[in-house]
Amino acid sequence: MRQLMVCILLLAAFAFAKGEGACTVDSIAWKGEHTAFDETQMKGALGQPCDAWKAAAAKLTRYYEDQGFIAAHVRGEVRHVAAGAGSEEVSGLGTPADSGVVAGVAAGVVAGSEPPAGELRERNVLEIEIQRGAGYVWAPPENLDSSGTKREVFAKLSGIEAGEAVSLTDLERSERRLSRIGYYNRTAPTRLFRDPARNRIVPVFSMRKANVSEAEGVLTYSSEDNVWEGKLDVNLYNIAGTARDLQLEGFTGENTRHLSGSYKEPWILGTAWNVVVRGNFDEETLDAPADGMNGGTADAGDIADVADTSGATQETVERVIVGEAGITRDIGFDFSIGVFFGISEDDKHSSFEMSYVSLDRFVLPRSGWRMDASATWKMARPDSLDNYLSAKANVMAYYPLYGNFIARFAGMAGGIFPSGATLRRTDLFALGGSGDFKGMQYRMLRSRAYGLSELALLWQDGYDLSIEAFYQPGLYRRLAPGHGWAREQGYGIGFTQYRNNWSVSLYYALRNGCDYLDGIIGFGVKTLF
């Protein structure tokens, strides 16, 4: 024990002795023109190691590069100056000075740290000079490759606004955005050209048209219930190079059918706003008690339980047709918002939606975030005096781990408020399927509140192959005659293989209490055009 204490004391003495001789910045002297903002940004270098100022200088340089001064440069040099009691005092931040003044000022010491009389001490003075250069603004962006998009449409999609101060950070965001929306494939890094007549910079992208429109069919089978279900998606993106999008989805199962569609008309009347029209049709067939238990608000499991005890059931078909129209717009490069107004056969509603997307690419992303949130206020129907709020949100994040291994984290939640509102079954959240509870059949469950998280480990080989294993713990609110929260767990594996314009996907998902051979298997085929 005594030897251990001796070793610790020796190591501490060695570290202290080493720290005494370390080079730290004692004062800062400026050369040439600068501002109080520059001094504030570089003040953090005081008392730090002599090479730590480079990080602050890089941050300051980036600031000016994002303000139009793309040739900005910060130069610095640490000088070791002998300082004594009779020398001139130096403050931490000097005033503009030329090299001669710097030499005189650098002989001073920081206030409050004057050495004893007759003693000379070496001081470390950081001399800084900033050169901003001329300021530039953006010219309309160009594209060297065949984008299949009209020139003015490409300029709007890039998010670069002509006449705004040049920002290299915005240029990087623009590249990520063009790669993320899926319209293009980047073939070369973006280059910058200077207008010879004016202080304008022309960003020149290399974006080639991508086959992004898709038709996908997915067939699922539940061995536990011996049920087949099918889903077909047709998505047309960037129609005729105009940034118009049309999306259609259809689903059919044993007791339910669903059809939805959406169309986007971009930049209406020359503004930054898009007009979106969308609608959906839902039909469900239920075996409900003959007395119409609870207004048809129970989920399928609850209804089956009651049917077994009473023996008197009747088949009920619920159909809902909803139409919506709204406006959306992008804010910056990653955010978008939208406001919608909708109407159905017997109610009307309004909703606010927002999303944030920073994924690195459209197909098989490897990094970045996606967040979506919406709040819908539904007005009273003729058969009810209740108005209620339906809110939901989801988040998904990708993190590269090592090599081709990637982690995906996801979470989602939703609720209807107030909890005592009178609701029909079709007013509730439809849960189940690859979009949320993967271990359930598509839209098999209805609930007024739910929460779900997901952890997945992926192995990806470029744009061609993805293999994943996932685990999903979650919970949802039971409907009458049940009460309280029910826990749900799902887990499984997935596989996606791309070959040119075709892809094949396969997944197998299980839920808690399910035999390993009674899961849901899904098989999908997609073509890009």
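These numbers come from a predicted model, not from an experiment. Here the residue index of a chain counts from 1 through its sequence in written order. Under the rules for a predicted model, residues below a pLDDT of 70 receive no local features and side-chain atom pairs below 80 are neither given nor counted, while totals for whole chains, interfaces and linings still include all residues. Hydrogens are left out, water is left out, and the side-chain values use all remaining heavy atoms of the structure.

Caption draft 1: Fine view of helix H6 (residues 168–180). The helix and strand labels rest on DSSP assignments: H or I over at least four residues marks a helix, E over at least two residues marks a strand, and numbering proceeds from the N terminus. Helix span is expected to be 1.5 Å times the residue number reduced by one. The end-to-end C-alpha distance of H6 is 18 Å, a good match for the 18 Å that 13 residues give at a rise of 1.5 Å each. The cut-offs for exposure are 20% and 50% of the maximum accessible area for each residue type, with area from a 1.4 Å probe on protein chains only; residues under the lower value are buried, those over the upper are exposed, and the others partly exposed. For H6, the complete set of buried residues consists of Leu168, Thr169, Leu171, Ser174, Glu175, Arg177, Leu178, Ser179 and Arg180. Of the residues trailing H6, Gly182 is marked for its positive phi of about 90 degrees.

Caption draft 2: The packing of helix H5 (residues 151–158) against H6, seen in detail. Two numbers describe how H5 lies on H6: the axes approach to 9 Å, and their chain directions differ by 115 degrees. When the interaxial angle is binned, H5 and H6 end up roughly perpendicular. Two secondary-structure elements touch here, H5 through Phe154, Lys156, Leu157 and Ser158 and H6 through Ser174, Arg177 and Leu178. Polar here means any residue outside two lists: the nonpolar Ala, Val, Leu, Ile, Met, Phe, Trp, Tyr, Cys and Pro, and the charged Asp, Glu, Lys and Arg; Gly therefore counts as polar. Among the residues making up the contact of H5 with H6, the classes are represented as three nonpolar, two polar and two charged. Fitted lines through C-alpha atoms give the axes, limited to the stretch in contact for helices. The angle between two N-to-C directions lies from 0 to 180 degrees. With respect to orientation, any angle under 35 degrees is reported as roughly parallel, any angle over 145 as roughly antiparallel, any angle of 65 to 115 as roughly perpendicular, and every other angle as oblique. By definition in these notes, contact holds between two residues if any of their heavy atoms fall within 4.5 Å.

Caption draft 3: Examining the pattern of salt bridges more closely. Salt-bridge detection follows one rule: a side-chain nitrogen of Lys or Arg within 4 Å of a carboxyl oxygen of Asp or Glu. Under the counting rule described, the total for this entry stands at 30 salt bridges. Its salt-bridge partner being Asp330, residue Arg177 comes within 2.4 Å of it at the nearest N-O pair. Taken together, the residues Arg177 in helix H6 and Asp330 in strand E15 (residues 313–331) connect sequence positions 153 residues apart. Linked through salt bridges whose partners overlap, the residues forming this network are Arg408, Lys438, Glu454 and Glu468.

Caption draft 4: Spotlight on a negative patch on the surface. Two joining distances apply to patches: 9 Å for like charges and 5 Å for nonpolar side chains (Val, Leu, Ile, Met, Phe, Trp, Tyr), and every residue must have over 30% relative accessible area and no salt bridge. Here, Shrake-Rupley sampling with a 1.4 Å probe gives the accessible areas, and only protein chains in the shown set may cover a residue. Neither His nor the chain ends contribute to the count of charged residues, in which Lys and Arg are positive and Asp and Glu negative. Where a charge sits is defined by one atom per residue type, namely NZ (Lys), CZ (Arg), CG (Asp) or CD (Glu). Together, Glu224, Asp225, Glu254 and Asp515 line one region of the surface with negative charge. Overall, the relative accessible area of 44% leaves Glu224 in the partly exposed class.

Caption draft 5: Molecular detail of the packing of aromatic side chains. Pairing of aromatic rings covers Phe, Tyr and the six-membered ring of Trp, with a centre-to-centre limit of 6.5 Å; geometry is then stacked below 30 degrees between planes, edge-to-face above 60, and tilted otherwise. In total, this model carries 13 aromatic pairs according to the counting rule given. Relative to Phe69, the ring of Tyr64 lies with its centre 6.1 Å away and its plane at 80 degrees, an arrangement referred to as edge-to-face. With relative accessibility at 5%, the residue Tyr64 sits in the buried group. Judged by its relative accessible area of 18%, Phe69 falls in the buried class. On the basis of an interplanar angle of 50 degrees and a centroid distance of 4.1 Å, the ring pair of Phe251 and Tyr442 is categorised as tilted. Taken together, the residues span a long stretch of sequence, with Phe251 in strand E12 (residues 244–252) and Tyr442 in the loop between strand E21 (429–431) and strand E22 (445–447) at a distance of 191 residues. Tyr442 shares its class with Phe251; the two are buried. What links up through ring pairs into an aromatic cluster is the set Phe37, Tyr63, Tyr64 and Phe69. Arg132 extends its terminal NZ or CZ atom over the ring of Phe69, reaching a point 4.8 Å from the ring centre. Lysine and arginine charges are scored as sitting over a ring when NZ or CZ, respectively, is within 6 Å of the ring centre and within 35 degrees of the ring normal.

Caption draft 6: Main features of the side chain of Glu283. Within the secondary structure, Glu283 sits in strand E14 (residues 273–289). Between N or O atoms, a polar contact is any pair within 3.5 Å; within protein, one atom must be a potential hydrogen donor and the other a potential acceptor, and residues adjacent in sequence are included only when both atoms are from side chains. Within polar-contact distance, the side chain of Glu283 engages the side chain of Arg257 at 2.7 Å. Side-chain polar atoms of Glu283 contact the side chain of Arg319, separated by 2.5 Å.

Caption draft 7: Fine view of the state of the cysteines. Cysteine sulfur atoms are paired as a disulfide whenever they fall within 2.5 Å. A complete count under the given rule lists one disulfide for this structure. A sulfur-sulfur separation of 1.7 Å characterises the disulfide bridge that pairs Cys23 with Cys50. Here the S-S torsion is close to -80 degrees, and the disulfide linking Cys23 with Cys50 is therefore left-handed. Taken as a pair, Cys23 in the loop between helix H1 (2–20) and strand E1 (27–31) and Cys50 in the loop between helix H2 (36–42) and helix H3 (53–65) lie far apart in primary sequence, 27 residues in all. Given the relative accessible area of 30%, Cys23 is considered partly exposed. According to the relative accessible area criterion, Cys50 is buried, its value standing at 13%.

Caption draft 8: Main features of the nonpolar core. Among the buried residues, those of types Ala, Val, Leu, Ile, Met, Phe, Trp, Tyr and Cys that are joined through side-chain atoms within 4.5 Å form a nonpolar core. Counting 18 residues, the largest nonpolar core has Leu157, Leu178, Tyr183 and Tyr184 as its most contacted members. Looking at this core, the elements with two or more residues in it are H5, H6 and strand E8 (200–205). The leading source of residues in this core is H5, at three residues. For Leu157, the residues in contact, after removing those within four places along its chain, are Arg177, Leu178, Ile181, Tyr183, Tyr184, Ala243 and Trp267. Counting 17 residues, the second-largest nonpolar core is a separate cluster that includes Trp30, Met42, Trp53 and Leu126.

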